[in-house]
Structures are given as C-alpha cells and as structure tokens.
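Chains, contacts and geometry: an overview
Here's the letter readout for the chains.
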Amino acid sequence: MVTSKGVGLAVPDWPTTFGYNMFLFPVSKWIGGVLFEHTHRLIASIVGFLIIILAIWLWRIEDRQSVKTLGLLAVAGVILQGILGGLRVTMLKDQIGIFHACLAQAFLGLIVLIAVMRTNFWRSFASTDVDPLKFRAIKTIAIATTIAIYTQLALGATMRHQHRDLAILDFPTANGAWIPDTSAPALAKINAWRDARAFSDVDAFQIWLQMTHRVLAVLIGLAVIMFFVRVRRLRNSSRAPILSGLSILWVILFFLQFTLGAFTIWSNKAADVATTHVAVGAIMLSFAVSAWAISSRLSHSK
C-alpha cells in the first residue's frame, strides 16, 4: 500500500520518524501518507522481533540442523530487509526499493518453508510408502512455477517502483494491438495521446516490460493448471490429497490474480486494487514454495 499510494517518503528520516524514536511517535500525527509509512515501519519491527524469537525457539527445540539454519537465515534476511528499507528512504534510489520488494518475497518463501517443515505431515513423509518416481515430474513443475512466480513478482516490483502511470493502459490488447508497436513514430503518437490526458510518457522498455509481465502470467497459469492435472492423476496415492487440496486452491488463486491484474490495468493502478494484486501474488508464491517443498519431500521418500 505504501508504494501503491506513493507515500514511501511520507516520513523523510530513518530510523527515526520526524526526529522521534519510531516507537514513541505520537499517534495524533499518524495522518495521511505518514499513517501508511509509519505503520509499515512498526509492523516491520514486530516481524523482526518475532523472527528472532522464532530462531531462538527453533534452535532450542529442533533436532534438525537444516531447520535451525533456516531460522538463522530468516534473522539475517529480516535484518537485511530493514536496512534496505532504511536506505531506500535515506538514499532516494528506486533500485533499492526493487531489491527491498524482491527480498520481501524471498523472505516470505523462507518463512513458509519453515512452517511446512514444522508440520506433522512433513515428518510423517519419512515413513511414507510411496513411489518417489510418481512425484518427480510434479516436483519439476513446482520448481519451474516457483521460479516463474518469483520472476513475475520481481517484474511487478520493477514496474511499481518506476512510480509512473502504466505503460499500457488497455487490456487484453496493448495500445490497441495484440503486439505493440514501439517504433519511434508509434511512441511519439502514443506519448502525444498520453500527454493530452496527463499521463506520464513511456518508452519501448517500459512497454515490453509490461508485455513480458502479461506473457509470463499466462505461462504461470498453464503451469499451475498442469500441476493440478498431474496431481489429479495421483489421486489414488495415500499422499496425493495433501497436494490435491493445494493444487485446487492454487488454480482458483491464479484466476483471481489474473482478474486482479486486468482490473489493475483498467483502473490505472488504483491503490487498493494494485495492493490486492501484490498480496495475492505473494500468496501464489507461498503455494508454490509449499508445492515445491512437499513434492520434493515425496520424491525422495523411501
């Protein structure tokens, strides 16, 4: 919401908030864009404290070194994320904002992985009598889809942090065509039309960046549906129901996300719509990491 509303610099200093210790900033001053940016900082601090508690807890009660290590990585990730957030404010560089957004998604994926590995069904896989070969194709699809979704989120972050109007304002066409014309004369005509309506100018890179985002969305949809179909073929397996429920919800999420993407364009990035689009994208990534982890575990069962 901070980026969608363009209020990332509503609080110009860091780690203080208008000179106050951020935890002592008067509630009466939480107004306008300051409300979103300051609340963002407070939530980030809470997440940091929770991650430290999580890491300590994992180190004390876990018998698996891999899970303990993931807890420590989470601490390192949340510290780095906080530093990037602060540098974005103090250095005024959009590139840092892009890395900040991408790290946030990777951090979420890490927390999801820890959660999955702490479940009872994950431990039960060690004694599961399944044919690992049946799950290897599913694992490959899950890995490819996870990488594609993360790339898609990175593309979205790149577009958002340009802080400009959308390069393409129509959907499903692109500037009135299925394949946009980005020649110099075409761009001059497009920008003249945009200038007359007070939209920011665009260049060929911005147009093709958005087109790549669209094409990748379709490919992700196909991959999610393919994952669903492959899991359905294993519905008689004793462990398929775990992936079956996940795959059904994943397909539903994709169509919701695709619809939100269309409305993001039609509304020219209305803040609430764009924010929901980003949030559902994060949930899509969470499902991808879960699918990858579970199918990988089953593909190595004995």
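See the structure shown above.
As a starting point, this report considers the structure included with it.

Let us look at the overall build of the protein. Each helix and strand counted, the protein has 9 helices and 0 strands in total. Starting at the N terminus, the α and β elements of the protein follow one another as α-α-α-α-α-α-α-α-α. Within the protein, buried positions represent 45% of all 302 residues. Treating the 27 positive side-chain charges of the protein as one cloud and the 14 negative ones as another, the clouds have centres 11 Å apart.

Before going further, it helps to spend a moment on the packing of helix α1 (residues 33-61) against helix α3 (residues 94-117). Helix-helix packing is described using two parameters, namely the angle between the two axes and the distance between the axes. Contact geometry of α1 with α3 gives a least axis separation of 13 Å together with a crossing angle of 35 degrees. The interaxial crossing formed by α1 with α3 has left-handed handedness. Of the residues in α3, those in contact with H40, V47, I51, L54 and L58 of α1 are H100, F107, I111 and I114. Across the contact of α1 with α3, the residue classes break down as 7 nonpolar, 2 polar and no charged.

Attention now moves to the packing of α3 against helix α9 (residues 271-299). Contact geometry for α3 and α9: axes closest at 9 Å, N-to-C directions at 45 degrees. In terms of axis orientation, α3 runs oblique to α9. α3 and α9 meet at a crossing whose hand is right-handed. For the pair α3 and α9, contact is made by Q105, L108, G109, V112, L113 and V116 and by V278, A282, L285, S286, V289, S290, A293 and I294, respectively.

On to the packing of aromatic side chains. Evaluation of the coordinates by the stated rule reveals 9 aromatic pairs. Summarising the aromatic geometry, the rings of F227 and W250 are spaced 5.2 Å apart at their centres and angled 80 degrees between planes, so their arrangement reads as edge-to-face. With F227 in helix α7 (residues 204-232) and W250 in helix α8 (residues 240-266), this pair connects stretches of sequence that are 23 residues apart. The burial state of F227 is the same as that of W250; both residues are buried. Clustering of aromatic rings is evident, with ring pairs tying together F171, F254, F255, F258, F263 and W266. Between K68 and the ring centre of W59, over which it is positioned, the NZ or CZ distance is 5.0 Å.

For the rest of this paragraph, the subject is the layout of surface pockets. One number sums up the size of the largest pocket: a volume of about 1,600 Å³. H40, A44, Q81, H100 and A104 are, among the 46 residues lining the largest pocket, the residues nearest its centre. Only α1, α2 (65-91), α3 and α9 provide two or more residues apiece to the lining of the largest pocket. The greatest single-element share of the lining of the largest pocket, amounting to 12 residues, is contributed by α1. By residue class, the composition of the lining of the largest pocket is 24 nonpolar, 18 polar and 4 charged. What lines the second largest pocket is a set of 45 residues, and nearest its centre among them are M159, H213, G261, T264 and H277. Looking at the lining of the second largest pocket, the elements that each hand over two or more residues are α3, α5 (133-160), α7, α8 and α9. Ranked by the residues each element gives to the lining of the second largest pocket, the list is headed by α7, at 10 residues.

Counting 49 residues, the largest nonpolar core has I149, F227, L243, W250 and M284 as the members making the most contacts within it. Contributions of two or more residues to this core are made by α1, α2, α3, α5, α7, α8 and α9. Contact partners of F227, with chain neighbours within four places excluded, come to I138, I141, A142, L243, L246, S247, W250 and A291. Core analysis: the next-biggest nonpolar cluster, separate from the first, contains 8 residues, A167, A174, I190 and M211 among them.

Together, F23, L24, F49, I52 and I56 make up an exposed nonpolar region whose accessible area comes to about 540 Å². For L24, the position within the fold is in the segment before α1. Looking at L24, the relative accessible area reads 62%, which means it is exposed.

The next point concerns α7. For α7, with 29 residues, the first-to-last C-alpha span of 42 Å sits near the 42 Å given by 1.5 Å per residue. By the N-cap criterion, in which a side-chain oxygen at the helix start approaches the backbone nitrogen of a residue two or three places on, α7 is capped by D203, the distance to F205 being 3.2 Å.

Before going further, it helps to spend a moment on the environment of L216. With respect to the helices, strands and loops of the structure, L216 is situated in helix α7. A residue is classified by how much of its surface remains accessible, and L216, at 14% relative accessible area, is buried. For the pair L216 and A148, spaced 68 residues apart in the sequence, the C-alpha separation amounts to 7.4 Å. Sequence-distant contacts of L216, that is, excluding residues within four places in its chain, are made with A148, T151, Q152 and L155.

About the criteria used
Residues numbered from 1 in each chain as written. Predicted model: local features only at pLDDT ≥ 70, side-chain atom pairs only at ≥ 80, totals over all residues. Heavy atoms only, no water. Helix = DSSP H or I, 4+ residues; strand = E, 2+ residues; numbered from the N terminus. Buried < 20%, exposed > 50% of the residue type's maximum accessible area, 1.4 Å probe, protein only. Lys, Arg positive; Asp, Glu negative; His and termini not counted. Charge placed at Lys NZ, Arg CZ, Asp CG, Glu CD. Axes fitted to C-alpha atoms, helices over the stretch in contact; angles between N-to-C directions. Left-handed = near helix turned anticlockwise from the far one by under 90°. Contact = heavy atoms within 4.5 Å. Nonpolar A, V, L, I, M, F, W, Y, C, P; charged D, E, K, R; others polar. Parallel < 35°, antiparallel > 145°, perpendicular 65-115°, else oblique. Phe/Tyr/Trp six-rings, centres within 6.5 Å; stacked < 30°, edge-to-face > 60°. Lys NZ or Arg CZ within 6 Å of the ring centre and 35° of its normal. 1 Å grid on protein atoms, 1.4 Å probe; cavity = no way out; pocket = protein on both sides within 12 Å on 5 of 7 lines; lining within 4 Å. Points joined across faces, edges and corners; volume = space filled by probe spheres on them. Core = buried A, V, L, I, M, F, W, Y, C linked by side-chain atoms within 4.5 Å. Patch = residues over 30% accessible without salt bridge, like charges linked within 9 Å, V, L, I, M, F, W, Y side chains within 5 Å. Areas by Shrake-Rupley, 256 points an atom, 1.4 Å probe, with all protein chains shown as cover. Salt bridge = Lys/Arg side-chain N within 4 Å of Asp/Glu carboxyl O. Expected span 1.5 Å × (residues − 1). Polar contact = N/O pair within 3.5 Å; in protein donor to acceptor, adjacent residues only side chain to side chain.

No statement about biological role is implied by the geometric values presented.
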